[in-house]
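# Residue-level structure breakdown
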Amino acid sequence: IVHYHKQGYSMVYAQDKHGKKTPLNGHEIFDDQGHCKTELDAVVESPRGVKKLVEAKSARVPLRLDRVLKSKVLYKLKYYKDNQKKLEEVIGGPLNVVFSIDPGIREDGTALYLGQDARYVRKQKTMMDFLRSQEIVLSQSFGFPVSFLFLNSRPSIPGAEQLSPAPDRANPRGGKGRG
C-alpha cells in the first residue's frame, strides 16, 4: 500500500446500503451459498483512474519456478477469471491484477542483507525474472492485465536494510532459534 500511496494512488472504497464507506482491503468475496471464497488484499486507483487488484504474496523461500507459478499465481488467476464479473462489480472497473511479491531480496535483484547467501540471491533473481517474463502470456491467457511487483515487505528504516544481518535461518522472524 505504501508503494502505491507514494505514487499518488488512492485506496478504493466500497459503499454499503447505509452509505458507509469501507476500504476494499481485506474485503471478502462470498459465493452464492455464503462461503468466503477469497479476500482482496488491496484495491488501489491510479491518479488516471486505473484500478488495480493487488494480491500480496511472500516468496522468500526458494521454490522451483513451476511451483512458484502454480502455488502463488495460477490458482488465484483461475479464481479471478471464473469470478471476473463479480470482482469487477466489487472493484468498480475492469480487472487488472498485480501480484506484489516479497522475494526476500531487493527489487533490483541484489542482496537485501550483508552476508546474504549468493545462491539464494541468484535463485530469487531468477524467480523474479521468470515471473516478469510471464506477464504477457498470463495477461493473454486470462483476458485481463497481469503484472508483478517485487517489494521488500519487512519494515525498516530507509537504507538500514543494507546494514542488517541476515535473519537467523532457524527462526527467520528473529529471536533465538531452537536447538
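Residues numbered from 1 in each chain as written. Predicted model: local features only at pLDDT ≥ 70, side-chain atom pairs only at ≥ 80, totals over all residues. Heavy atoms only, no water.

### What about the packing of helix 2 (residues 65-82) against helix 4 (residues 118-133)?
- Running from N to C, helix 2 and helix 4 point in directions that differ by 60°, and their axes come no closer than 10 Å. The orientation of helix 2 relative to helix 4 falls into the category oblique. Note on packing geometry: the crossing formed by helix 2 with helix 4 is right-handed. In contact with Leu-65, Val-68, Leu-69 and Val-73 of helix 2, helix 4 contributes Thr-126, Met-127, Phe-130 and Leu-131.
- Here the residues of the contact of helix 2 with helix 4 are counted per class, giving seven nonpolar, one polar and no charged. (Axes fitted to C-alpha atoms, helices over the stretch in contact; angles between N-to-C directions. Helix = DSSP H or I, 4+ residues; strand = E, 2+ residues; numbered from the N terminus. Parallel < 35°, antiparallel > 145°, perpendicular 65-115°, else oblique. Left-handed = near helix turned anticlockwise from the far one by under 90°. Contact = heavy atoms within 4.5 Å. Nonpolar A, V, L, I, M, F, W, Y, C, P; charged D, E, K, R; others polar.)

### Brief notes about the packing of aromatic side chains
- Applying the stated rule across the entire model yields four aromatic pairs.
- Here Tyr-79 and Tyr-80 contribute two aromatic rings whose centre-to-centre distance is 6.2 Å and whose plane-to-plane angle is 65°, an arrangement assigned as edge-to-face.
- Of the aromatic side chains, those joined through ring pairs into one cluster are Phe-99, Phe-148 and Phe-150. (Phe/Tyr/Trp six-rings, centres within 6.5 Å; stacked < 30°, edge-to-face > 60°.)

### Digging into the sheet that holds strand 7 (residues 51-58)
- Taking strand neighbours across the sheet as the criterion, the five strands line up as 1-6-7-8-9 in an open arrangement whose pairing is mixed. Whereas interior strands pair on both sides, the edge strands pair on one side only; in this sheet they are strand 1 (10-11) and strand 9 (146-150).
- The pairing of strand 1 with strand 6 (residues 42-45) spans two bridges and is antiparallel. Residue pairing in the sheet places Met-11 in a bridge with Val-44 of strand 6.
- The strands touched by helix 2 are strand 7, strand 8 (97-102) and strand 9; relative to strand 7, the strand with the most contacts, the crossing angle is about 145°. (Pairing = 2+ DSSP bridges.)

### A look at the pairing of strand 7
- For strand 7, a buried count of six out of eight residues is recorded, marking the element as mostly surrounded by other parts of the structure.
- As paired elements, strand 6 and strand 7 share four bridges and run antiparallel to each other. Bridging from a neighbouring strand, Val-44 pairs with Lys-52 of strand 7.
- Taking the residues that link successive antiparallel strands as the turn, the strand 6-strand 7 hairpin has five residues, and the phi of Gly-49 there is positive, at about 90°. (Buried < 20%, exposed > 50% of the residue type's maximum accessible area, 1.4 Å probe, protein only.)

### Overview of the environment of Ile-1
- Summarising the element assignment, Ile-1 is placed in the segment before helix 1 (2-6).
- Among the residues examined, Ile-1 registers a relative accessible area of 49% and is labelled partly exposed.
- Taking the C-alpha atoms as reference points, Ile-1 and Asp-41, separated by 40 residues in sequence, lie 9.6 Å from one another.

### Description of the confidence of the model for the chain
- When pLDDT is averaged along the chain, the result is 78; 79% of the residues meet or exceed 70.
- Across the chain, the element-wise mean pLDDT spans from 65 in strand 4 (residues 28-30) up to 97 in helix 5 (residues 135-142).
- In this model residues 159-179 is a low-confidence stretch, pLDDT under 50, and it forms 24 contacts with partners more than four residues away in sequence or in other chains. (pLDDT = per-residue confidence, 0-100.)

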